Every structure is written in C-alpha cells, then in structure tokens.
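Examining the three-dimensional arrangement
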Amino acid sequence: MKKTFVLLTTMALALAVQAVEVGKPAPDFTATDINGKTVKLSDYKGKIVVIESYNSDCPYCHNQYQTGAMQALQKDLAAKGVVWLLVNSVNPKNFSHRTAEQAKAEMASEKMDVTAWIDDSSGAVGHLYSMKTTPHMFVIDKNGVLVYDGAIDDQPDPFHDPSKAKNYVSGAIDALLAGKPVPVAQTKPYGCSVKYAD
Amino acid sequence: MRRIGIFLAACFCLAAFTANAAHTQVNLLLSADTARPGDTVLAGVDMKMEPGWHTYWKNPGEAGMATKIEWQLPPGVTAGEIQWPLPEKLPPAEVTTYGYNDEVMLIVPLTLATNLSPGPLDLKAKVSWLECKEVCIPGSVDVAASLNAGMETKASAVAAAIEAWKKQVPTLFDLSVSAWWEKPANDDTRPLIISFPTKRISAEVASADFFPNAYEQFEVQAPTETNLKDGEIRLRKFVKKFSGDWPNEISGVFLYHAPHYGTNAFEIKFHVSSNEPAGETTSRTGVAPVSNLSGQNTATGRMPVLPLMLLYAFIGGLILNVMPCVLPVIALKILGFINHAQHEPRRVRALGLIYAAGVLASFLALAAVVISVKAAGHHAGWGMQFGSPEFIVCLTTLIMLVALNLFGVFEVTLGGRTLSAAGQLAAKQGAAGAFFNGLLATALATPCTAPFLAPALGFAFAQKSSLIFLIFLFVGLGLAAPYVVLSWNSAWLKFLPKPGAWMEKFKIAMGFPMLLTAVWLFNLAADDYGTNVLWLGVFLVLMSFAAWIFGEFVQRGRAGKDIALVIVFLLAVGGYAFALESQLHWREPVTVPDSAGTSRAAPDGIAWQPWSPEAVAQARATGRPVLVDFTANWCLTCQVNKKIAIEIPSVRKKLKEINAVALVGDYTHFPDSITAELNRFNRAGVPLVLVYPKNSEAEPIVLPAVLTPGIVLDALDGAAH
C-alpha cells in the first residue's frame, strides 16, 4: 500500500516537472520537517538552496560530520543567507531511520546548522531528485534553477580529511555569489545507497 | 544475537566506524608454498561475508566503494592489478550496485624478481572495503602470508581454490562489439546501443548484460534493455555525463546466460560511434586479418565460409598423417596394410573402411567431449585431453605395451589354434586391429595442430554443436582417406613392399619410435606428478613384466598356463594398487599453477618474458616489435618449431638487432587468458606464433603452424619496418 502510494506520488511529481537536471528549474516539492512544519521548496525562491541527502549511520556522511566539516559549511552558508534542507529518506523499517525525537536529538548533538530536517521516510523527495547516495548534494540558485548535482567533494572515501578535499557545494555557491558560472555543475555522487523502502 | 549486535552498533555507531567490521572475514591465500625466482604466484584475498552482507566490485555502481588492497611487499616482489571475479547486480533498482554476496576471492598476481635470493618472504597487505546490508560499514584489516623463495615451485593446498576463483574472472576477448549513440544529446543522459555479433557465441543466448567500468566523467547506468536478434545481441543502456565530452570509448564486462551453458563473461572495450554503422559493418566478425605468410586464404578479411573450412579440416586431417606425433602409428598402419595386401582385395577394402570407421568414431567422440566441455563453460582447446594427467598415465601405459608388442614380447593375435579357427579369428583380429589403429591414430594426432587444421578447428570451437561434429568428421575423413583410397585401388597396393622375413625386423625396429613416444609421454607426466613420476616408471616395468609372462607362458607356454595367468593378473592389479594408487596418487596430481616458471630465461637464449595482453600493449607502446610464442609442453610441433626456427642464433641476433620483445605464453595447463587469445586468432590450439610490427597500428603477422627459420626471419624483418 505504502509502496504504491510512494510510487504514485513519485510518478505524479515526475509528470508535473521534468526529471531533475542541471540548468533546468529544480522540481518543487512540499514536505514535512521533524518539527511538523510544512516545507515548500518554491517558498524559498530568491534564496540559494542546498539540498543534502543524509543518513548519519552512513560512514560517508558520518565522516563529514565527525570532522566538523559539514557543520562549518552549514554555518558559513547560513551567514550568507543560504537555505539548507536536509533530507532523510531512510525507510522506517531500517534501523537507521530516525523518529522525530531521535532526529531532534541528533541535530542538537551534532550541532547541525540547517534550515530544516525533512522527514522523507516515504522516499518521495529522494525519488523526485533521483537521490542515489548519502551524501548526495544539490544546489539551487535564486531563480529556482538547479546548478549543482552530485558528490559533496572530490574524495570518495569514508576516512578522508574533508578540509583537504575540493568541496563542490561551496565551490558552486561561491561562484553564484560572485555572479560567475558554477565551475563544476555535475559529478558522480558517492556514498552509501539511499535506504529507500522496498 | 546479531540483532542485538546491530542494535548496539546503531546506538554506538559513531564509535564503531573506526573499528574493524565484523561481518566480513578476510584471508590472504597463496597458490604456492615455495616458488622460484621469476615465478608468478597468485595471491587470493578471500572475503567471506555474513548472510545478507555484500562487498563491492571495481565499479561499485551508483553507491558503495570498491575493495582496496594496499600491499607491503619485500623487495623483489611486485603485485599486479586486482583481477575481479564476475560480480552480481545488486538491488534495489533505484540504486543499483555491483558486488558480491557470501564470498569472493580477489586475485592478484605476485611476480618474484629473477634475482631474488632464496628464503622466506613475508607478504602483507591492508585490505579495506565497504560492507553493506541495512547499513554500510567500512572495514579494514591487515592480512599476511608467507612464501618461500626456493629452487622449485610447490603448489599450496589452496592452489585449486584460487584457480577456481580465477576462472570466474572475465577474460579479455575481442567480441567485435559495435556501439553507437541512439540519438544526439539533448540533456545529460543519452541512450547508447551496444551490439554484439553472436557468431562467436555458440549457444542460444537467453539473457545478456554489460557491467561497465567506473569512470569519473560519466556513468553507464545499470538498467539494460536487451534485444536478442538473429545473429546479434543488442543492449540499450543510458549514459549519464557529469562533465567533459561524451565518451568515445567504453570498457567493461559483457556477460550472457545460455541455458545448459551457464554464464559467460568477457572483458571488452569498444568505440562509440556517433550513429549506427551501415548494415554490413554491424555484422563484421572481427576475425583478425591473417597475413599472407600463413598461406591461408583469408585475405578478404571475412569469416571463412563453411565449405572452405570443411576443406581445410579435410586437408588438415590428411596432413596429420605425416605430423611427428602420428608417425609411430603410421608404422603400425603400414604393417597392417602389408599384412593384408596378400589377402583378397574385398577384405582389404573392408579393413580400409573399418580403419576409417575407427578414425571417425574417435573423432566424433572427441567432438562430443569438446561439446560437453563447452557446455561446462570452459573454453575448450585442441589437445585438451593431453592436459589431463590421468589420460597421460593411461596413454603412456598403452604406448609402452604397444612397443613391447612390436618387440615381440607378447602378441595381440592369438596363435596356436587350428587353421580354420585361425582364419576366422584373424579376420576378427584384422577388423579389430584396423578399428584400433583408427582410434590410436586419432588419440596421438591431437597435440599436433597441422597448418590447415588450426583455422578449421578455431572455427569449429566457436560454432554450434552440429557444426563441431561436422568439422571433426571432416578432419577424421582426411586422416583416414589415404588408407581408404589405397584399400580400394588395389593397383596402388602393388607399390607396397612384398611381405617377407624383413617384416619381423621392421616390426621390431618400429618398436623404438613407439618407445620414444612412451618416454615423451612419461616426461609429460613428470610435469603433473613431479619426482613422484618414478612410481609411474615402476608401474610400467611391472606391466612390462606382466606382458612378458603373458606372452612367454600364457601365449607360447605349454603347461601351467592358469598359474601364469594368475600371476599376470596379480602383477597388473598389484602394480596398479601399489605403484599408481598408493605411491603415485595418480588421480590427485600436483598441479603447478599456470604461468609459473614460464619467465625463466635460458642463459644465452632469447630473453623470454611471460605473455599477457598488457605485456604486448606495453611493448607496442614503446614502439618495439613483439614476437609471441604460444606453446605447450605437450605440443610436439611447438617444440620442433622452437628448436629449428625460433631458439636459433640467427633469430636471436635478429631479435636483438630490431630491439624486439619476446613473449611466451604457456598453454600446458590451458589458462583461460590464452584460450581467449587463441580464439581471437581463430585458432583452437597451439602452436600460434605472432609477430607484432613496430608500428603499433599495424595488425600482427600470424605465422604458419610449421615454421622454418626463413619464415620467422622474414616476419621479423617485416615487423621492423
């Protein structure tokens, strides 16, 4: 039943907007965050938006947070007025799933600085954006156009030092803020597979 | 229990990531306990995953991480690239990955330097991987194994297991793939059509797929639409581009599944055209153009047609009559014909036909073996049965007994009967003898691939079962033809010498080439049994003794025949049980890992290096001509070629002059990589000698099966320009 629902939602969304593609308008979505608030992407038009596919049990995500690199980036971008939407698409049967309470605790303990943590346990947003891995990053410009789709950085390894890697998200946003074209618009995302419902 | 473990891991996951993962057990295995300097030893990194957990292939797919091996090796030991067994496509469909469930063994060739000093070597490696089930956990462990550098190559207890995994590694194969973009690029994803001609695939293909290698700038996505057409397999895949231009070359693994044949997989590399090639080129067979030197009429570059191949098969069979390994049997056959020429022509004709039937029967049996071997998923090679140690032991014994028979130690025909009974029996014996001659000629012809036979058989191995039968039938007809013709045209029989007392002397003289054949076979057995082959010798002596008692006391004796027969029986059974079973362990030969020791260089001979596709590519990249000799211990033609046309001063000098690289591929134990290469040149067996010109664009020159110094020197001259 749930699977059918997800499928239908995904298909409806996919029909409404073309598949996610760099240089085209980013597909809009409406979702709920862990505080029960409704998050609608198009509400953020006029602002740069970062979307992050997240699963803290995945060593690749964990590496970005454990080293503090992701939080530093979030803090830096928040100061520049960038919206950061964290999407957790882990299905409820997987033990990496987080209830709202667990998610709030994790957000506090990890000192995350994000606009919203979207509970996407249905996988609707994940499928809409063809999120493959955790992490999988997207950057949307002020006009709602997708300008970056891919990996967080150029080191596909769960143990590297992110401060020494080339971060594609900060690279894209620096370029946007400077009014220049995004240097690397698309890369192959790396990480664990997104734990969608079967 | 594990659920609790997972629960705990989930709670304390943050601390758990740096610890070793517990769901994959890793061991380092070696194919040899002791190896000589210059040998290549196979290392197997064996990974056993708990149920539900998997690790990844060299291209993990849309998520995951390829397993890494970082070697810490003593000086003089170098590790090659990881050879990855064929992975599985792992669900879910939205994030497809390539990996292994339950167990995988990653194979790494370790090469010992030729100047390595003897003694123990500690081989260490750090293996890191990502294992996933409901979660992903990175794992890493230090593994170690020790190898002894010594004077001999001694296979380890796990050599067979490593070989078994190595067989799962897709081999390089030129399938002549064509690929093109279905349409111009509109966005970052573009449909790609990959077309595989099925002419090189003998079986009915039920499904097929392509597992791409990993690329940074683009990704060949996992979903595959398969379209099985007549003579072609078409795969439709999507390529997603991340950056740069659309790729014009893609490599990976092509695999297909055929009912009863299992799954076959090959390493392939193909060029992507901007649109579909014209009709004719899609069905291009990709047969390597064969140089005129070989005298084979394939100048058109097209697949040789069936009637032509059947003609080659027939001529090949004819030529087999004069190849070195059939000569001793010819002695037998000549004897047979002289014996029968005195009888009435009708009987001679009948015997000629029975001889032909014997040849054909054994060729058809051989075809059946080839087909069943193919069915087992192996790439069969001509001379296959000579790779089996058990076969060699049986054949050595048989040839030894034939030699003793020629010496007159015992008789095959029973004497001392009444005249009428003797006449009838002789008829029977004659028929049985003719049939047996046919069988023997076939068994001995196998390791010799005559010049015309090679392409015919190469063609046969890539065909359907019915065609394999047909080709083998024609080889058999060729082998039998001269004798059938002689027996029908009685006028020609008059050219044969008159029977006389000289025959007995001639018969005994012919026993010596037979004995030589036995010695050669014995030498082959030494490869498989090491110094233990002594017990095969003991067995042969015991059997010879039994044969003598049989001849002297059972056949020619007057009294005590029964006792003599019992002794013969005891000797045969006792010799078998003691020498073969308890001492030689003849059914469990010590197999030497393939390619081991092939890189040994004779003191002032040609500096042979082991063949591999990479070695060829490497040498050509530096602009040097390359001489490749595919050979095997059991291939007499190869040994003769080497003696008279390759390992000779003039060729050595020429190789130095033109700065050529000499590579040798040892086919004694049928390594798959060489089988694939032989198939690529449409050959089913060795010898195959190739000369790659200096100009790296030029096609290799394929030398004929029987070489003369002139042929080799001309080819090398041609390659240097």
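Quick caveat, the model's predicted, so the values are computed rather than measured.

This part is about the overall build of chain A. When you go through chain A residue by residue, the secondary structure sums to six helices and nine strands. Residues counted as buried form 47% of the 198 residues belonging to chain A. When contacts within chain A are restricted to residue pairs at least 6 apart in sequence, long-range pairs at least 24 apart make up 75% of them.

Our focus in this paragraph is the nonpolar core. Ranked by size, the top nonpolar core spans 123 residues in total, and within it Val50(A), Leu85(A), Met137(A), Val139(A), Tyr148(A), Val169(A) and Val41(B) carry the most contacts. Residue assignment places this core across two domains, with domain 1 (19–159) and domain 2 (172–282) of chain B each supplying three or more. Beyond its immediate chain neighbours, meaning those up to four positions away, Val41(B) contacts Leu30(B), Ser31(B), Ala32(B), Ala35(B), Leu110(B), Leu112(B) and Leu147(B). Of all hydrophobic cores here, the second largest spans 38 residues; its members include Val626(B), Ile674(B), Val689(B) and Leu690(B).

Residues and elements named next belong to chain B. For chain B, the mean per-residue pLDDT works out to 76, and 74% of the residues sit at or above 70. In this model, residues 279–304 is a region of pLDDT below 50 whose contacts with residues beyond four sequence positions or in other chains number 44 contacts. Ignoring residues within four places in sequence, the model shows residues 591–602, a span with pLDDT below 50, making 38 contacts including any to other chains. In the predicted assembly, ipTM is 0.79 and pTM is 0.51.

A few words on the sheet that holds strand 7 (residues 136–140) of chain A. Residue and element names in this part refer to chain A. A sheet is described by the order of its strands in space; here five strands give the open sequence 5-4-3-7-8, paired in mixed fashion. Unpaired on one side and paired on the other, strand 5 (116–119) and strand 8 (146–150) mark the two borders of the sheet. Here the strands of the sheet are splayed against their neighbours by 15° on average, with no regard to which way each runs. Packing of helix 6 (residues 168–177) onto the sheet brings it into contact with strand 3 (49–53), strand 7 and strand 8, and relative to strand 8 it is tilted by some 170°.

The interface of chain A with chain B comprises 25 residues on the first partner and 25 residues on the second. For the side of chain A that touches chain B, the residue count by class is 10 nonpolar, 10 polar and five charged.

Residue and element names in this part refer to chain B. Spatial ordering of the open sheet is given by 22-24-23-25-26, a layout of five strands whose pairing is mixed. Both outer strands of the open sheet, strand 22 (609–610) and strand 26 (701–702), are each paired with one neighbouring strand and no more. As paired elements, strand 23 (residues 626–631) and strand 24 (residues 661–666) share six bridges and run parallel to each other. Across the sheet, Thr631 pairs through a bridge with Asp666, a residue of strand 24. Its contacts with the sheet put helix 16 (residues 613–621) on strand 22, strand 23, strand 24 and strand 25 (688–692), and the angle it makes with strand 23 is roughly 165°.

All names here are of chain B. Tracing the sequence through the fold places Leu147 in strand 11 (residues 136–149). Taking the number of C-beta atoms within 10 Å as the measure of exposure, Leu147 has 23 and is therefore buried. Distance in space between the C-alpha atoms of Leu147 and Ala32 is 7.3 Å, their sequence separation being 115 residues.

All names here are of chain B. By the bridge criterion, two bridges tie strand 2 (residues 32–35) to strand 11 in an arrangement that is parallel. From the neighbouring strand, Thr34 faces strand 11, where its bridge partner is Asn148. Pairing geometry for strand 10 (residues 119–132) and strand 11, over 14 bridges, is antiparallel. In the sheet register, Asp122 faces strand 11, and the bridge partner there is Ser146. The loop that links strand 10 with its antiparallel partner strand 11 comprises three residues.

The next thing to look at is the environment of Pro259(B). Residue and element names in this part refer to chain B. Note that Pro259 resides in the loop between strand 20 (249–258) and strand 21 (262–273). The exposure class assigned to Pro259 is exposed, which follows from the 10 C-beta atoms found within 10 Å. Taking C-alpha positions, Pro259 is 9.5 Å from Ser207, a pair spaced 52 residues apart along the chain. Ignoring anything within four residues of it in the chain, the contact list for Pro259 reads Glu204 and Ala206.

The rules we used
- Residues numbered from 1 in each chain as written.
- Chains lettered and ligands numbered in written order.
- Predicted model: local features only at pLDDT ≥ 70, side-chain atom pairs only at ≥ 80, totals over all residues.
- Helix = DSSP H or I, 4+ residues; strand = E, 2+ residues; numbered from the N terminus.
- Buried ≥ 20, exposed ≤ 12 C-beta atoms within 10 Å, placed from the backbone.
- Contact = placed C-beta atoms within 7 Å.
- Core = buried A, V, L, I, M, F, W, Y, C linked by C-beta atoms within 7 Å.
- Domains from an automatic or database assignment.
- pLDDT = per-residue confidence, 0-100.
- Pairing = 2+ DSSP bridges.
- Axes fitted to C-alpha atoms, helices over the stretch in contact; angles between N-to-C directions.
- Nonpolar A, V, L, I, M, F, W, Y, C, P; charged D, E, K, R; others polar.

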